[in-house]
Amino acid sequence: MKRLRPLLAPFAVLAAGGAGLAVFRAACGSRDAMNWLSGHVTRPYKLFWGGVWAHVRFSVAEVLWTALVLACILYVAFAVRAVVQRRGARAVTAVQRVLGAAAIALWVYLGYTLLWGTEFYVTSVEEKMGVSAEPVSVQQLTDVTRLFSEKASELSAYVERDEDGCFTGDKSALLEQSKDVYTALEEEYPFLEAPHRAPKPMAYSRLMSEMQYTGFFFPFTGEANVNVHMPVCFLPVTAAHELSHVRGVAPEQTANFLAILACDTGGIPEFEYSGALFGYLHLSNALYTADPEAWAEIWAALSDGARADLAQNKAYWDQFSSPVTTVANTAYDGFLKSYGQEQGMKSYGDVVDLLVAWYKDEASQ
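Residues numbered from 1 in each chain as written. Predicted model: local features only at pLDDT ≥ 70, side-chain atom pairs only at ≥ 80, totals over all residues. Heavy atoms only, no water.

1. A short note on the overall build of the protein chain
Next, step 1: Within the protein chain one finds 16 helices and 3 strands.
Next, step 2: For the protein chain, whose C-alpha radius of gyration is 23 Å, the value lies close to the compact-globule estimate of 21 Å for 365 residues.
Next, step 3: Every one of the 365 residues in the protein chain was classed for burial, and the buried ones make up 45%.
Next, step 4: In the protein chain, once contacts between residues fewer than 6 apart in sequence are set aside, the share between residues at least 24 apart is 76%.
Next, step 5: Accessible surface for the protein chain amounts to roughly 17800 Å². Of this, 61% is attributable to carbon and sulfur atoms. (Helix = DSSP H or I, 4+ residues; strand = E, 2+ residues; numbered from the N terminus. Rg over C-alpha atoms; globule rule 2.2 N^0.38 Å. Buried < 20%, exposed > 50% of the residue type's maximum accessible area, 1.4 Å probe, protein only. Contact = heavy atoms within 4.5 Å. Areas by Shrake-Rupley, 256 points an atom, 1.4 Å probe, with all protein chains shown as cover.)

Listed below in C-alpha cells is the structure:
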C-alpha cells in the first residue's frame with residue numbers, strides 16, 4: 001500500500017475533474033442553467049480576457065498552443081527519465097506519470113467545456129431571431145441561389161483584383177475593417193453586441209491550411225484567430241464567422257449564417273462580396289445535387305471575377321488533401337458531436353436551410 005501512495009494525488013485530481021465533467025453534463029439538460037452560466041460566468045470571462053489581449057498584436061492563443069506542445073514534449077522526456085532512474089518502482093512511477101498527464105488533460109478539457117461547450121446549450125440564435133432551418137423546396141433553393149449569384153456577380157466589380165482577375169487586397173486592413181461588420185446586426189439584435197475587436201492573424205496559418213482550418217476561437221483568451229494564408233476572397237467572411245463566436249455563437253452552421261448576414265448588412269464592399277460568394281458556394285453545392293440543370297444555368301450567369309475567385313479557392317485547398325486533414329477533420333467531427341451537434345461536420349450544410357428561410361422572400365420578388 002505504501003508503494004501506491006504516489007498514485008493517490010494524481011488519481012484524486014483525475015477523479016475531481018471527472019466529477020466536474022459529470023456535473024456539467026447533468027446541467028446541460030437545463031436551458032436556464034446554461035443561460036445563467038453563459039451570461040454571468042463564461043461570456044464575461046471571455047470578453048474580459050479578449051479585451052486584455054486585444055492590446056497585443058500577436059495571437060496569445062497561438063503562443064499558448066506552442067507552449068502546450070513544448071510542455072507535452074518535456075513532460076514525456078522527464079517522465080521517461082524518472083521511470084528509468086527509479087529501478088525499484090518503475091511500474092508505479094510510470095502509472096503515476098500517466099495518471100498525471102490524464103489529470104492535466106481532463107482539467108484542460110473541463111475548462112474548455114465550461115468556457116465553450118456551455119454555448120451549445122443556451123437559447124439559440126435561431127430562436128432569438130425567429131428563423132429555423134426547415135426543409136426547403138427545390139424552387140426556393142433555386143431562387144435563393146440565383147439571388148446570391150446575382151449579388152456576388154454585381155459586387156465582384158467593386159473589389160480590387162490582381163493580374164489573374166482574382167480578389168486581392170491588404171489582409172491586415174481587411175481584418176481591421178472586420179471590427180465593425182456586425183454594427184448593423186447589433187442595432188437590430190442587441191444580443192449580438194460585443195466589443196469591436198479585430199481577429200488575430202495566425203503565424204501558423206500555413207499549418208492551419210494543412211489541416212484545412214480557416215480560423216478558430218480560443219475561449220481561454222477570448223481571441224478570434226484567422227488563417228491569413230488562404231485566398232483573400234473568403235478572408236472577410238471568415239473573420240465575420242470567428243467574430244460570431246466572440247458573441248457566444250457556438251454552432252458552426254449558425255456562425256456561417258450570421259457571418260453571411262453580417263457581411264450582407266455591414267456596408268463594407270469587400271465583406272458584402274465575400275459573404276455573397278460564400279453564401280453562393282454553399283447554396284450552389286446543394287443545388288447541384290437537387291437540380292443540376294438549374295445549377296448549370298445559374299453558374300453560366302456568374303461573373304468572371306466570381307468564377308476566378310472560386311477557382312483560386314478550390315485550387316488552394318485541393319493541395320492540402322492529406323492524412324493530416326483527415327485526422328484533423330475526424331477529431332473536430334467528434335468534438336462537434338460531443339456537444340450535441342449530431343451531424344458533426346455535416347452541420348455546416350445546415351446554413352443552406354437558414355439562408356433559404358431568411359432570403360426566400362427577397363428572392364421571390
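2. Re the packing of helix α12 (residues 269–290) against helix α13 (residues 292–301)
Next, step 1: In contact at an axis separation of 6 Å, α12 and α13 are set at 140° when each is read in the N-to-C sense. With respect to α13, the element α12 is oriented oblique. Where α12 approaches α13, its residues Tyr280, Ser284, Leu287, Tyr288, Thr289 and Ala290 are matched on the opposing element by Pro292, Ala294, Trp295, Ile298 and Trp299.
Next, step 2: Its residues assigned to classes, the contact of α12 with α13 shows 9 nonpolar, 2 polar and no charged. (Axes fitted to C-alpha atoms, helices over the stretch in contact; angles between N-to-C directions. Parallel < 35°, antiparallel > 145°, perpendicular 65-115°, else oblique. Nonpolar A, V, L, I, M, F, W, Y, C, P; charged D, E, K, R; others polar.)

3. Thoughts on the pairing of strand β2 (residues 215–218)
Next, step 1: In the sheet, β2 pairs with strand β3 (residues 223–226) via 4 bridges, with the strands oriented antiparallel. Bridged to phenylalanine 218 within β3 is glutamate 223.
Next, step 2: Between the antiparallel neighbours β2 and β3 lie 4 residues, among them glycine 222 with a positive phi of about 70°. (Pairing = 2+ DSSP bridges.)

4. Things to note about the pattern of salt bridges
Next, step 1: Scanning the entire structure with this criterion turns up 12 salt bridges.
Next, step 2: Glutamate 297 is paired through a salt bridge with arginine 146; the nearest N and O atoms lie 3.5 Å apart. You can see glutamate 297 sitting in helix α13 and its partner arginine 146 sitting in helix α6 (residues 138–155), a full 151 residues away along the chain.
Next, step 3: Here arginine 146 falls in the partly exposed class, since its relative accessible area comes to 26%.
Next, step 4: In the salt-bridge network here, residues are joined through shared partners; they are Asp143, Arg146 and Glu297. (Salt bridge = Lys/Arg side-chain N within 4 Å of Asp/Glu carboxyl O.)

5. Here's the deal with a nonpolar patch on the surface
Next, step 1: The grouping of Val69, Leu70 and Ile73 at the surface amounts to a nonpolar patch, some 290 Å² of accessible area in total.
Next, step 2: Following the sequence through the fold, valine 69 ends up in helix α3 (residues 60–85). (Patch = residues over 30% accessible without salt bridge, like charges linked within 9 Å, V, L, I, M, F, W, Y side chains within 5 Å.)

6. Overview of the side chain of aspartate 309
Next, step 1: Among the secondary structure elements, aspartate 309 is positioned in helix α14 (residues 304–318).
Next, step 2: You can call aspartate 309 buried: its relative accessible area is 0%.
Next, step 3: Within the structure, aspartate 309 has its side chain in polar contact with the side chain of tyrosine 273 (distance 2.5 Å).
Next, step 4: Here aspartate 309 is in contact with Arg161, Gly165, Cys166, Phe167, Cys233, Tyr273 and Leu277, once residues within four sequence places are set aside. (Polar contact = N/O pair within 3.5 Å; in protein donor to acceptor, adjacent residues only side chain to side chain.)

7. A closer look at the sheet that holds β2
Next, step 1: Strand order in the open sheet formed by 3 strands is β1-β3-β2, with mixed pairing between adjacent strands. Of all the strands in the sheet, the pair left with one neighbour each is β1 (200–201) and β2.
Next, step 2: Where β1 lies against β3, 2 bridges are found, and the strand directions are parallel. Residue pairing in the sheet places lysine 200 in a bridge with asparagine 225 of β3.
Next, step 3: Contacts from α3 reach β1, β2 and β3, with the element oriented near 85° to β2.

8. Re unusual backbone geometry
Next, step 1: Phi is positive for glutamine 212, close to 60°, though the residue is something other than glycine.
Next, step 2: Along the chain, glutamine 212 falls in the loop between α9 (205–210) and β2.

9. Some thoughts on the environment of leucine 174
Next, step 1: Examined against the element boundaries, leucine 174 turns out to sit in helix α7 (residues 171–177).
Next, step 2: Residue leucine 174 is classed as buried on the basis of its relative accessible area, which comes to 5%.
Next, step 3: Linking leucine 174 and alanine 198, residues 24 residues apart in sequence, is a C-alpha distance of 9.3 Å.
Next, step 4: Excluding anything up to four places from it in sequence, leucine 174 contacts Val232, Leu235, Pro236, Glu270 and Phe271.

10. Concerning the packing of aromatic side chains
Next, step 1: The full count for this structure, using the stated rule, is 20 aromatic pairs.
Next, step 2: Taking the centre distance of 5.0 Å and the plane angle of 85° together, the rings of tyrosine 316 and tryptophan 317 count as edge-to-face. Each of the two residues, tyrosine 316 as well as tryptophan 317, counts as buried.
Next, step 3: Here a set of aromatic residues connected by ring pairs shows up, and it is made of Trp65, Tyr112, Phe216, Phe218 and Phe220. (Phe/Tyr/Trp six-rings, centres within 6.5 Å; stacked < 30°, edge-to-face > 60°.)

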